Amino acid sequence: GQNIDQPTEMTATEGAIVQINCTYQTSGFNGLFWYQQHAGEAPTFLSYNVLDGLEEKGRFSSFLSRSKGYSYLLLKELQMKDSASYLCAVSYQKVTFGIGTKLQVIP
Amino acid sequence: GAGVSQSPSNKVTEKGKDVELRCDPISGHTALYWYRQSLGQGLEFLIYFQGNSAPDKSGLPSDRFSAERTGGSVSTLTIQRTQQEDSAVYLCASSSAGQAMNTEAFFGQGTRLTVV
């Protein structure tokens, strides 16, 4: 398989910064997506990385290292509404999703 | 339509019955995916369509599962002789991407299937 690994759960404090890591198998890699999924809802797109480096989009940033098979999603100035699962998804011949990281933001 | 539409939103069926789930993708999107998500689990890939053809059916769990897409638009996922382990949320997503799959997919709200 593509061995997409990410932590299953994380907890962070409102106003803080949290980094969610994702590692994947590099063979056949085309690009990497991050999605947000609130409980009981459909996933929504956050970011797409295909080149090495950091992509910043407001409070959310996503980083990719192709050679290391590593990505992270950085969330700044955490808000309570950021409590959700964050799914790392890699495009090979098809898009394969990781199990997701359930983030709980506490006051 | 404005987004990906799935129907029904909820389906309760008796074990052994057949069910049909429908997905209406965003107009013009050539790529269509079906995923399954069990409670607290990640997304499990089922099948991928590019136009009306399915280059990758590798995720279909058994021969009780089949899917088709007509007119490059609406897709139906059929589960025959449903079993309790088929209970899950079935998510459909569409994308404008071709084979490179380098654009984001837009998800429908899913069909929650419960087999009793």
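Let me begin by describing the structure that accompanies this report. (Residues numbered from 1 in each chain as written. Chains lettered and ligands numbered in written order. Predicted model: local features only at pLDDT ≥ 70, side-chain atom pairs only at ≥ 80, totals over all residues. Heavy atoms only, no water.)

**Topic: the state of the cysteines**
- Tallied over the full model, the rule gives 2 disulfides over all chains.
- Two residues, C22 of chain A and C88 of chain A, share a disulfide whose sulfurs are 2.0 Å apart. Looking down the S-S bond of the C22 of chain A and C88 of chain A bridge, the torsion is -70°, so its handedness is left-handed. Within this pair, whereas C22 of chain A is found in strand β2 (residues 18-23), its partner C88 of chain A is found in strand β8 (residues 84-91), the two being separated by 66 residues in sequence.
- Given the relative accessible area of 0%, C22 of chain A is considered buried.
- Across the disulfide, C23 of chain B is cross-linked to C92 of chain B (sulfur-sulfur distance 1.9 Å). Handedness of the C23 of chain B-C92 of chain B disulfide follows from its S-S torsion of about -65°: it is left-handed. Remark: C92 of chain B occurs in strand β9 (residues 88-95) and C23 of chain B occurs in strand β3 (residues 19-24); sequence separation between them is 69 residues. The pair C23 of chain B / C92 of chain B is uniform in exposure class, with both members buried. (Disulfide = S-S within 2.5 Å. Helix = DSSP H or I, 4+ residues; strand = E, 2+ residues; numbered from the N terminus. Buried < 20%, exposed > 50% of the residue type's maximum accessible area, 1.4 Å probe, protein only.)

**What to know about the sheet that holds strand β7 (residues 65-69) of chain B**
Residue and element names in this part refer to chain B.
- Reading across from one edge, β1-β3-β8-β7 is the order of the 4 strands in this open sheet, with antiparallel pairing throughout. Since the sheet does not close on itself, it has two edges, and those belong to β1 (5-7) and β7, each with one partner. Across the sheet, the mean angle separating the axes of adjacent strands is 15° when strand polarity is ignored.
- As judged from the 5 bridges shared by β3 and strand β8 (residues 75-79), these two strands associate in the antiparallel manner. Counterpart to E20 in the pairing with β8 is T78. (Pairing = 2+ DSSP bridges. Axes fitted to C-alpha atoms, helices over the stretch in contact; angles between N-to-C directions.)

**Describing the nonpolar core**
- Judged by nonpolar contacts, the single largest core of 22 residues is most densely connected at Y24, L32, W34, L75, Y86 and L103 of chain A.
- Elements supplying a minimum of two residues to this core: β2, β3 (31-37), β6 (60-65), β7 (70-75), β8 and β10 (101-106) of chain A.
- Of all the elements, β8 of chain A adds the most residues to this core, at 4 residues.
- In this structure, L103 of chain A is in contact with M10, T11, A12, V18, L75, L78, D82, S83, A84 and Y86 of chain A, ignoring residues within four places of it in sequence.
- Core analysis: the next-biggest nonpolar cluster, separate from the first, contains 19 residues, F65, L77, L113 and V115 of chain B among them. (Core = buried A, V, L, I, M, F, W, Y, C linked by side-chain atoms within 4.5 Å. Contact = heavy atoms within 4.5 Å.)

Bear in mind that shape data such as this cannot, by itself, settle questions of function.
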